[in-house]
Structure formats: structure tokens, C-alpha cells
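Chain residues, written in single-letter form:
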Amino acid sequence: MDTEHPVDGMQDVGQRGRESPLDRLDRTRAGFTLLRQATGTSHHVLGDILGVKWKTVKDWEKKRDWHYPPPDDAWDALLAIAREEEAAARRAVAGAVASLPRGATVDIPCRVVGTRLYDGKRGTPTGQMNAAALLAGGMLAGLGYDVRYVWTTGPGDEAIAGAARPRLDGPGATDRPGWDGGDVRAALPHTATQADYMMLRARTGVDTVELSDLTGRPYELVLDWETNPGHRPRPEAWRYLLRARRLQDDAVARITARARDTTPAGGTVMLPYCRNEEQLALLPRDPAAPTASRQRATMRLVVRALLDDGYRVRLAYPDADDTHAPAPDGTEDDTMNDIGKKDRS
């Protein structure tokens, strides 16, 4: 597939009026946090869109009573971004299906994170472009395509060239002299790129600190694995991410299956969403979610799957009083029983 920005330039999509499955996400603080993170919109970018300080946006997501809840215009702005990203993803999928047979490798462009690039005023923000790329990649993988993420040099990326970084179009991350991860290479359909590594980490929610602790490598070096062609990701990091993806896929299948079994079609599914490790500690231990970041990443996939199936979803922070609050229709919902608060009896 031609890599000429199938998910970039989202401002030109022009489909703001089309409904998004995310419109069926109940407007709770936790739901707002998920929506902002799922669209790759930082506090700063959303603050600029709305003309407020980034700390104000952050306060909207906190549960304390003295913070204002997210206003409707903030929700509307994020939903407009979500519609643009979904339209861009659909465009990428349509282009691949029209030009390539099932099983072919499709290049999906994304933009490097970590160069201090702030391009919200010069094009699609990096986080939003990468969120659309992940969405397109998930759709294509579901259709049987092999998805390979590649760095783009799209609008706004001239800032990268000025950031004293080498070009990122060299050999693949698993195609270097001295690479000893044969089992990892065998698990990947194509020669993996550094962009693949970055997007796999983003998809699973495994953060750089977690990988630094796992490998015993300095935090700065782990960051370079995603951006510096001279510092390829170590095989043990790849293995860890691939295992995290398997655990995540199993968790998504388990949680969505239980929700479908216990909730009538079109009903409301209640789920937890953790802002921090303290909230995660209130939930039963789950190998797929040992950190709050990974719990959020898993819930984003669960929520997307349930919304695509026509359900409504109500998210709450585990330590909020409304974790088991009634659904909007007044009925109780026990969907969270196997992933909700710990039994304190």
C-alpha cells in the first residue's frame, strides 16, 4: 500500500457529522479520560482547542467534588476528533482492500514520539495521527492483512529534522547485524520496524519505565529503542511486548464475552477505568493488567469492541462512589463483578 499519509491530514476528512460508536459512551469523568486518551489528544492540545489551560482539562478528569466535570463542549470536541480519526482509518482500510489481496503487508504511517514535536498548530497532532493509525491497523489485522507501521514524513514533521535526530528509514528493528532474537522474528510476519515496536508498546500500554525495569537498561536507552536507528530494541523487550499483547487479547475476549452474556443487546455495560496505581490496587489482580497503563489500554479495546456491537458503556474510577451506580435507565448492572472492586468482607 502506498504510504502517502492514509491516516494523516485528518482535518481534510470532513465527516464531523457522522456518528461515532464513541457517542454511546456515557459522559462520566472516567469516560472522558478514556475518550481523550483513545483519540491521542493531550491535555495541552485539548486545552488549546477549547481556549483553557491544560491543568483545567486535567482537573476535569479528577473525581473530587470540587473539580468541575468535563463540559459538553469538551466532549463534543473529542467526539469530533474521534469521527475524523475513524474516517481516516476507514479511508486507509478501503485503500488497502481495493489494491491488495488478503494476507498482504500494508504499510501504515505513524509519527515518532519523543522528539518534543508539538505540531497541533501545523497539522494533525502526533498523538491523534498515531491513534488513527492504531485504529486502522486493528481493522486491517481483523481482515487478515499483515500490518507494518512505518515512519511518515508528513506535514509538520519538518520539526523532526531540526531535532538533531537521524532519519528513521533505515533497516528494520529486527534486521540488524548481531540480532539474536530468532524466535521473535518468527513471531512477526514481516521484518519489524522501530515504528512497529512503538505502536505495539502503545497498543499494550506497556510504558518505558516497565521495560527499563524488565531489561535492566537505562530509561533513556529504552526511549532510544523507538527513535534511534543505532539502538535497536532488545529481543527480551520484544518478547515481553508480544506476551503482553497475547494476555491483552485474552483479557479483551474474556471481558467482552461476559458482557455480552450478561447484558441485553443495546444495554449498558459498566466497567472500571484506572487513572493510577492506587485505583488499580482496588481491582482483582489480572496478569493482563499489572499496571494502570496496561489496564487502561485493555479497557480501550474492550470499550471499542462493545460499542461497535451496539452496547452503551459506562466507565467509572474504581474508588469513585458511582463504580456500581445504576445505569441511565435506572437498572442495576453487575457486569463488573469479575473485574470490579475487591471483596472487603
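Use the structure listed above.
Calculation criteria
- Residues numbered from 1 in each chain as written.
- Predicted model: local features only at pLDDT ≥ 70, side-chain atom pairs only at ≥ 80, totals over all residues.
- Heavy atoms only, no water.
- Helix = DSSP H or I, 4+ residues; strand = E, 2+ residues; numbered from the N terminus.
- Contact = heavy atoms within 4.5 Å.
- Areas by Shrake-Rupley, 256 points an atom, 1.4 Å probe, with all protein chains shown as cover.
- Phe/Tyr/Trp six-rings, centres within 6.5 Å; stacked < 30°, edge-to-face > 60°.
- Buried < 20%, exposed > 50% of the residue type's maximum accessible area, 1.4 Å probe, protein only.
- Lys NZ or Arg CZ within 6 Å of the ring centre and 35° of its normal.
- Core = buried A, V, L, I, M, F, W, Y, C linked by side-chain atoms within 4.5 Å.
- Axes fitted to C-alpha atoms, helices over the stretch in contact; angles between N-to-C directions.
- Left-handed = near helix turned anticlockwise from the far one by under 90°.
- Pairing = 2+ DSSP bridges.
- Expected span 1.5 Å × (residues − 1).

(A) Structural context of the overall build of the chain. Scanning the chain for helices and strands turns up 13 helices and 4 strands. In the chain, 76% of the contacts between residues at least 6 apart in sequence involve partners at least 24 apart. Total accessible area computed for the chain in this model is approximately 15,900 Å², and 50% of it derives from carbon and sulfur atoms.

(B) Seen up close, the packing of aromatic side chains. Scanning the model with the defined rule gives 4 aromatic pairs in all. On the numbers, 6.5 Å between centres and 80 degrees between planes, the contact of Tyr197 with Trp225 is edge-to-face. Of this pair, Tyr197 sits in helix α8 (residues 194-204) while Trp225 sits in helix α10 (residues 219-227); the two residues are 28 residues apart in sequence, bridging distant segments of the chain. Grouping residues by exposure puts Tyr197 and Trp225 together as buried. Between the NZ or CZ atom of Arg275 and the centre of the ring of Tyr317, over which it lies, the distance is 5.9 Å.

(C) Quick look at helix α2 (residues 43-50). Restricting attention to buried positions, one finds in α2 the residues His43, Val45, Leu46 and Gly47. Those residues of α2 that are buried lie in contact with α1 (29-38), α3 (54-60), α4 (72-99) and α5 (126-142). Phi turns positive one or two residues past the end of α2, at Gly51, with a value near 75 degrees.

(D) The arrangement of the nonpolar core in detail. Counting 31 residues, the largest nonpolar core has Leu25, Leu35, Leu271, Val303, Leu306, Val313 and Leu315 as the members making the most contacts within it. Looking at this core, the elements with two or more residues in it are α1, α3, α4, α11 (235-262), β3 (268-272), α13 (292-308) and β4 (312-316). When residues in this core are grouped by element, the largest group, 7 residues, is from α4. Setting aside residues no more than four positions away along its own chain, Val303 makes contact with Leu25, Leu34, Leu271, Val313 and Leu315. Core analysis: the next-biggest nonpolar cluster, separate from the first, contains 19 residues, Ala133, Leu135, Val147 and Ala195 among them.

(E) Representation of the packing of α1 against α4. Running from N to C, α1 and α4 cross one another at 35 degrees; their axes reach a closest spacing of 10 Å. In this structure, α1 meets α4 at a crossing whose hand is left-handed. Listed contacts from α4 to Gly31, Phe32, Leu35, Arg36 and Ala38 of α1 are Ala74, Trp75, Leu78, Leu79, Ala82 and Glu85.

(F) Representation of the pairing of β3 in the model. Across the 5 residues that make up β3, a large majority, 5, are buried. Going residue by residue along β3, you find Thr268, Met270 and Pro272 tucked away on one face and Val269 and Leu271 tucked away on the opposite face as well. Inspection of the sheet shows β3 paired to β4 by 5 bridges, in the parallel sense. What sits directly across from Leu271, in β4, is Leu315.

(G) Broad picture of α13. An ideal rise of 1.5 Å per residue puts 24 Å on 17 residues; α13 measures up with 24 Å between its terminal C-alpha atoms. Here α13 lies mainly inside the structure; 12 of its 17 residues are buried. Residues of α13 that are buried include every one of Ala292, Ser293, Arg294, Gln295, Arg296, Ala297, Thr298, Met299, Val302, Val303, Leu306 and Leu307, and no others. With its phi angle positive at about 95 degrees, Gly310 sits one or two positions after the end of α13.

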